[in-house]
Amino acid sequence: MNTRSRIRAGAAAVALALLAAGCTGSGSGSGVRGTPGAAGLRDPLFPRLGNGGYDVSHYALTLSYDPATGRLDGRAEITAKATQDLSAFNLDLAGLTVRGATVDGAPAAVNRAGDELTLRPHDEIEDGAEFRTTVSYGGLPQTITDSDGSEEGWLKTADGALALGEPTGSMAWFPGNHHPSDKAAYDITITVPSGVKALSNGVLTAEKQAPGGRTTSVWHVAEPMASYLAMLAIGRYDTSSTTSTAGAGGTIPVLTAADPEVAAETAALRARIPEILDWQKENFGPYPFAASGAVVERDDDVGYALETQTRPVFPASSFDTHTLVHELAHQWYGDSVSPASWKDIWLNEGFATYGEWLYAEDFEHTPAQKNFEKAFANDAAWAFPPAAPRTPEDLFAAPVYQRGAMVLHRIRQEVGDDTFFEILEGWPTKHRHANVTTEDFTTYVESVTGRDLSGLWDVWLYGDGKPDKPTD
Ligand code: ARG
Ligand code: ZN
């Protein structure tokens, strides 16, 4: 389009918007009468998490980190589509200092209140328009302590740092829409002093020298990713590369990294990832991402394993077969099919736990029924219904994991193995790379089985307390 017709088309669009909005010009010159996007998405457990009024499609993060000073500097370029006429919108960011922001190339006014960053663009943004935001920021990123005492966000390690974000820690290292319902593609470019490595999610597309004796690594995540699954691992690592054919579209790279102190002791299990993915492909369907792997840290550096997308993170002492099977199962259940809100977390943890029960059944002579009975006998599993965690503290508690897995086993008991395994594979296939609610799941199971299973849901998913032991 030449310049003249572009101006004319633009003028026509403004005129149409004026007509549609029924306004005669506000004097601001933009012609749109937008309102601010909401400062939170009203997640029942984290009401202020995420932001309304737009939907992110892509994050380009350009970061540099200096382990000697602990300083992170970054530029986030966020491509999003407005879902309302916007006069302003929010991003979540914990700590750090914002140096400046632009929207579609023009400087935007920035306001800061706690973890909420409000950007007021020079021109209002029309509903449906794609817009590009840049935020320049830096500082010493924070470690966030969750209500269950776990540490996430930015974790300093002996020789670098680890960025982990479930449920809310990713806002400690980049601004964004930090709710799992707004998934996006990512390109993460990270520069660190040469001699330490910087790993992230997805595929390493470039590694190059940077000024000042530094190295830049470029990581590409093509499939939608919830921000809580974004990861950075900076430090000295021994790495190992292989491939897997479990992916939907052919051979994919499998890259593992381990702190040199724990590299030798974890090498044999790291090498088993392709074999575990092949077994999971048989049960869950093709592996949903273009890369796989793992990062194994010293126990002092991280307190729990996390299913960061494509490349889960483990402390060495929990890098065992079951935990590896669990975090890899999350790639289907949680990472590709993600919860619509945090109260749906049992759809992550119940399935990943059931993945362990299936592994025990296939390779360790322990039928899932045995693990069901063990979980049933665990008093802690009955503290609350798995589909109704009451507080953020409940998110990673026994009812979510064990009673979540019990729900799946109850379905298996009701419908039999053939239909059950059809559900296990059909669910992540139907909702690949999307977000789901607990109701989506019960509706799906009832549609596959053609049965009304409301009795099962009432008792096992939503019911308070321990039911009678089912007779098998
Ligand atoms: N989702 C992790 C798992 O695979 C656990 C994360 C624990 N995080 C926390 N903040 N407590 O089970
Ligand atoms: Zn888990």
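Scroll up to find the structure this text is about.
To keep things clear, this report deals only with the structure shown in the data block. (Residues numbered from 1 in each chain as written. Chains lettered and ligands numbered in written order. Predicted model: local features only at pLDDT ≥ 70, side-chain atom pairs only at ≥ 80, totals over all residues. Heavy atoms only, no water.)

### As for the overall build of the protein chain
- Looking only at helices and strands, the protein chain features ten helices and 23 strands.
- In the protein chain, once contacts between residues fewer than 6 apart in sequence are set aside, the share between residues at least 24 apart is 68%.
- If you sum the accessible surface of the protein chain, you get close to 18700 Å²; carbon and sulfur atoms cover 49% of it.
- Charge centroids of the protein chain, computed over 36 positive and 63 negative side chains, lie 7 Å from each other. (Helix = DSSP H or I, 4+ residues; strand = E, 2+ residues; numbered from the N terminus. Contact = heavy atoms within 4.5 Å. Areas by Shrake-Rupley, 256 points an atom, 1.4 Å probe, with all protein chains shown as cover. Lys, Arg positive; Asp, Glu negative; His and termini not counted. Charge placed at Lys NZ, Arg CZ, Asp CG, Glu CD.)

### Re the pattern of salt bridges
- Within the structure shown, the criterion is met by 14 salt bridges.
- The partner of Arg99 in a salt bridge is Asp73, and the shortest N-O contact between them spans 3.0 Å. Of this pair, Arg99 sits in strand 5 (residues 97-103) while Asp73 is found in strand 3 (residues 71-82), placing the two residues 26 residues apart along the sequence.
- A residue is classified by how much of its surface remains accessible, and Arg99, at 51% relative accessible area, is exposed.
- For Asp73, a relative accessible area of 22% gives the class partly exposed.
- The closest approach of N and O atoms between Asp394 and Arg390, which form a salt bridge, is 2.8 Å.
- Judged by relative accessible area, Asp394 falls into the buried class, the value being 7%.
- Residue Arg390 is classed as exposed on the basis of its relative accessible area of 54%. (Salt bridge = Lys/Arg side-chain N within 4 Å of Asp/Glu carboxyl O. Buried < 20%, exposed > 50% of the residue type's maximum accessible area, 1.4 Å probe, protein only.)

### Some points on the site of ligand 1
- If you check the shell around ligand 1, you find 14 residues, and the closest are Asp146, Asp148, Glu166, Glu307 and Tyr401.
- Take Asp148: an N or O atom from its side chain is 2.7 Å from a nitrogen atom of ligand 1.
- Take Ser150: an N or O atom from its side chain is 3.0 Å from a nitrogen atom of ligand 1.
- Its free accessible area being 350 Å², ligand 1 has 94% of it covered by the protein chains. (Near = heavy atom within 4 Å. Polar contact = N/O pair within 3.5 Å; in protein donor to acceptor, adjacent residues only side chain to side chain.)

### So, the sheet that holds strand 21 (residues 313-315)
- Within the open sheet, the four strands sit side by side as 18-19-20-21. Their pairing is mixed. A single partner strand is all that each edge strand has here, and the edge strands are strand 18 (238-244) and strand 21. Each adjacent strand pair in this sheet contributes to an overall mean axis angle of 20°, direction not counted.
- Here strand 20 (residues 292-297) pairs with strand 21 via three bridges, running parallel. Paired with Val295 across the two strands is Val313, which belongs to strand 21. (Pairing = 2+ DSSP bridges. Axes fitted to C-alpha atoms, helices over the stretch in contact; angles between N-to-C directions.)

### As for the nonpolar core
- Ranked by size, the top nonpolar core spans 133 residues in total, and within it Trp173, Ile411 and Phe441 carry the most contacts.
- The element best represented in this core is helix 5 (residues 346-363), accounting for eight residues.
- Ignoring anything within four residues of it in the chain, the contact list for Ile411 reads Gly416, Phe420, Ile423, Phe441, Val445, Leu456 and Trp457. (Core = buried A, V, L, I, M, F, W, Y, C linked by side-chain atoms within 4.5 Å.)

### A look at the coordination of the zinc ion (ligand 2)
- Protein-derived coordination of the zinc ion (ligand 2) comes from His326 (NE2), His330 (NE2) and Glu349 (OE), at a distance range of 1.9 to 2.0 Å.
- Linear spacing of the donor residues for the zinc ion (ligand 2) on their chain is H-x3-H-x18-E.
- On the accessibility criterion, His326 (6% relative accessible area) is buried.
- His330 sits in the buried class, given a relative accessible area of 0%. (Donors = N, O, S within 2.8 Å, 3.2 Å for Na, K, Ca; no water.)

### What about the sheet that holds strand 13 (residues 184-193)?
- Pairing in this open sheet of eight strands is mixed, and the strands run 6-5-9-3-2-13-16-15 from one edge to the other. Each edge of the open sheet is held by one strand with a lone partner, namely strand 6 (106-107) and strand 15 (203-210).

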